[in-house]
Amino acid sequence: MARQLVSMGMQKKKMTNLITIDNQQNNQNENQLQRFSLTPFIDEFLYHKPYSNDTRTVYKHWLRTFDITLKENLIELPQHTDIEKYINGELQHTDKNNKKTGLKQSTTTRSLNISILRKFFKWLEKKKKYPNVTNDFINIGNRGGVYSRDSLSSGEAKTLLDSLDCSNLINLRDAIFINLKLYTGVRDIELYRTNVDDIKLQKDKMVLLVQRKGYQAKSEKEFVVLTKPLYEMINTYIVSTKNRISDKYGMPLFVSHGNNERTNGKRLVRRQICRVITKKLKAVGLKRGKVVGHSLRHTFATRAIEQGIKIEKVQQILGHADPSTTYRYLVTMDRYKNPIEEQINYE
């Protein structure tokens, strides 16, 4: 009997020790989860992405801001609702001026953060680091999967093209901007990055190599085909431009002209390209609420789809990584072309 009591006592003590060890392991796991931080994964995420240095800097800034915000709000394991609160500016963090602030409420900033967080959490899930809690987010500026910018009608695009004056070097350069956007759909950032030697002959076609948004370099696989009239305009501009200053990106195609010695001959900045296009739209009375410089890219995409070009080809030309981005053009067109509201009949 005494031996049985001793044996039972030893078993009980052993079980108690196992429970203690198990509890310690559980507590340790819980503490590891509680200390889960996104920061250690940010550099690894960016390392595997072919982004430019500027894009990496922007992504790192916003991802770290998000992680700091989670910590200051005592959020251990971020869920869908936490991200939604962050995007809506409901979660605050201490900024560099030691002030409590939430995410800026501008549509651009919020859309940018949604895009960054979606890509980051998608990567985390793929690496089995953390579940993707951003699956059903859409860009703030594109609610309902429809673009927030209008495209020009065919008549309006023709009016804009007919208004272009190529009588001097500046007007010729600006006319090339409009033609490139309406006939190839290039972005402002792609125009800014263009160099003289990006114009090449490939398979009997004159092409312009483009460095897509977020990428570090150009590739011969990423290009737009130049029509003969457009190539001739660009060639005339190249030959006529006597002052062209090389920079760290190469010999710029589009440069500043004028009497300002500080900028003359240097690469035309992206902001100035945008201003040029806006000015041209205003000159013919086409600048309105949802018609901006980027609308010319939308116009190219919309016309291409209307004329029967397959959505996959349009995606390739526009350089969209996600086909759903291109699909929004089709959604927008169908929404106005065959509105459901006009098909409802109660008779």
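Quick note: structure is the one above.
Residues numbered from 1 in each chain as written. Predicted model: local features only at pLDDT ≥ 70, side-chain atom pairs only at ≥ 80, totals over all residues. Heavy atoms only, no water.

Some words on helix H9 (residues 228-240)
Piece 1. Relative to the 18 Å expected for 13 residues at 1.5 Å per residue, H9 spans 18 Å between its end C-alpha atoms, a close match to the ideal helical length.
Piece 2. Taken together, the buried positions of H9 are occupied by Leu 230, Met 233, Ile 234 and Tyr 237. Along the long axis of H9, the arc covered by the buried residues comes to 95°, so they all point the same way. Counted as exposed and oriented over 90 degrees from the buried face of H9: Lys 228, Pro 229 and Val 239.
Piece 3. Turning to H9, the residues buried within the fold contact helix H7 (169-184) and strand E3 (199-202). (Helix = DSSP H or I, 4+ residues; strand = E, 2+ residues; numbered from the N terminus. Expected span 1.5 Å × (residues − 1). Buried < 20%, exposed > 50% of the residue type's maximum accessible area, 1.4 Å probe, protein only. Arc of directions from axis to C-beta. Contact = heavy atoms within 4.5 Å.)

Some details on the pattern of salt bridges
Piece 1. Taken as a whole, this structure holds seven salt bridges when the rule is applied.
Piece 2. A salt bridge links Lys 71 to Asp 67, with the shortest nitrogen-to-oxygen separation between them at 3.8 Å. Taken as a pair, Lys 71 and Asp 67 lie in helix H3 (residues 53-72) at a separation of four residues, close to a single helical turn.
Piece 3. The buried category is assigned to Asp 67, whose relative accessible area is 3%.
Piece 4. Across the pair Arg 173 and Asp 174 runs a salt bridge, and its minimum N-O distance is 3.0 Å.
Piece 5. Owing to a relative accessible area of 5%, Arg 173 belongs among the buried residues under this scheme.
Piece 6. What makes Asp 174 buried here is its relative accessible area of 6%. (Salt bridge = Lys/Arg side-chain N within 4 Å of Asp/Glu carboxyl O.)

Overview of the packing of aromatic side chains
Piece 1. By the definition in use, this model includes ten aromatic pairs.
Piece 2. On the basis of an interplanar angle of 65° and a centroid distance of 4.8 Å, the ring pair of Phe 177 and Phe 254 is categorised as edge-to-face. Placement of the pair is Phe 177 in helix H7 and Phe 254 in the loop between H9 and helix H10 (270-283), with a sequence separation of 77 residues. There is no split in this pair, since Phe 177 and Phe 254 are both buried.
Piece 3. Through a chain of ring-to-ring contacts, three or more aromatic side chains come together here, namely Phe 45, Phe 66, Tyr 86, Phe 120, Phe 121, Trp 123 and Tyr 130.
Piece 4. The ring of Tyr 192 is capped by Arg 267, whose NZ or CZ atom sits 5.8 Å from the centre of that ring. (Phe/Tyr/Trp six-rings, centres within 6.5 Å; stacked < 30°, edge-to-face > 60°. Lys NZ or Arg CZ within 6 Å of the ring centre and 35° of its normal.)

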